[in-house]
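Fold and contact review
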Amino acid sequence: MNKTIDDLANRWLKRKPDGLSALENRVLQSTIERTTITRDTNKAVAFHQTFGDRLADTIARIGGSWSFIVGFLVFLFLWTTGNVWLLSRDAFDPYPFIFLNLVLSMVAALQAPVIMMAQNRQTERDRIDAAHDYEVNLKAEIEIMALHEKLDELRHSQIIGMRDEIARLAEVIKRIDERLSQQSAS
């Protein structure tokens, strides 16, 4: 059967072909060509990442981990105890740890925007994944509808075949009945 995008759009999406998005056109075309539309979206995203994107993702991944938190707590503990212990002598950053506060403020000032950049990129990845999921789901839906259509056609042809067979058998039974009637009459 020769199908076109126009036919499929009208039949399965109940829309005019000019109202279809590029994604829907791509899905219908892949249905006609019987090709898959799945792809690895991670590879597509990774291909377009810059060095800064990868660096920000790495910093966000490290900065949002338990190992970073535990390591930073150990650093804070060592810093404060070292400076309190050295307080009687020549302390590097005596209480109230002004230099430590400066370092913490700088880390927070740099880490927050980097994490926000990573979150923005993750949101974009999620959008790409959602669009791909929609595309795959639409293709699956169309394929299921096509299977239903084929099964309905098959069932219809079987019913017609059974009807014809019943009519033929009824004719045979009628002939047998006529022969039996003739034999019993003679």
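Bear in mind that the values here come from a model prediction, so they are computed numbers and not experimental data.

With that settled, consider the confidence of the model for the chain. Here the chain shows a mean pLDDT of 88. Residues at 70 or above account for 98%. When the elements of the chain are averaged for pLDDT, helix 3 (residues 41-47) gives the smallest value, 78, and helix 6 (residues 98-185) the largest, 92.

With 13 residues, helix 4 (residues 51-63) should reach 18 Å at 1.5 Å per residue; the first-to-last C-alpha distance of 18 Å fits that figure. Within helix 4 the residues assigned to the buried category are D53, A56, D57, A60 and G63. Buried residues along helix 4 cover an arc of 140° about the axis, so they all sit on one side. For helix 4, the exposed residues set more than 90 degrees away from the buried face come down to F51 and R61. Looking at the packing, one finds that the buried side of helix 4 touches helix 5 (66-85) and helix 6.

Here A140 shows up in helix 6. Since its relative accessible area comes to 35%, A140 is described here as partly exposed. Each C-alpha atom of the pair A140 and A56 lies 36 Å from the other, and the pair is 84 residues apart in sequence.

Once that is clear, we can look at the nonpolar core. Core analysis: the largest hydrophobic core is formed by 13 residues, its most contacted members being W12, L13, L20, V27, L28, L138 and I142. Where this core is concerned, the elements lending two or more residues are helix 1 (5-13), helix 2 (22-33) and helix 6. For this core, the element with the highest residue contribution is helix 1, accounting for five residues. Beyond its immediate stretch of four places on either side in the chain, W12 contacts K3, T31, I142, M145, A146 and E149.

What counts and how
For every chain, the first residue of its written sequence is number 1, and the numbers climb from 1 along that sequence. Given that the model is predicted, a residue must reach a pLDDT of at least 70 before its local features are reported, and side-chain atom pairs must reach 80 or more before they are shown or counted; all residues, however, enter totals for whole chains, interfaces and linings. Only heavy atoms go into the side-chain values, all of them from the structure, while hydrogens and water stay out. pLDDT expresses, on a scale from 0 to 100, how confident the predictor is about each individual residue. Counting from the N terminus, the helices are the DSSP runs of H or I reaching at least four residues and the strands are the DSSP runs of E reaching at least two. Helix span, as expected, comes to 1.5 Å for every residue beyond the first. Think of it in three bands: with a 1.4 Å probe and only protein chains considered, a residue is buried below 20% of the maximum accessible area for its type, exposed above 50%, and partly exposed in between. In this description, one arc is meant: the one made by directions from the helix axis to the C-beta atoms. Contacts: residue pairs with any heavy atoms within 4.5 Å of one another. The set of buried Ala, Val, Leu, Ile, Met, Phe, Trp, Tyr and Cys residues whose side-chain atoms join them within 4.5 Å is what this entry labels a nonpolar core.

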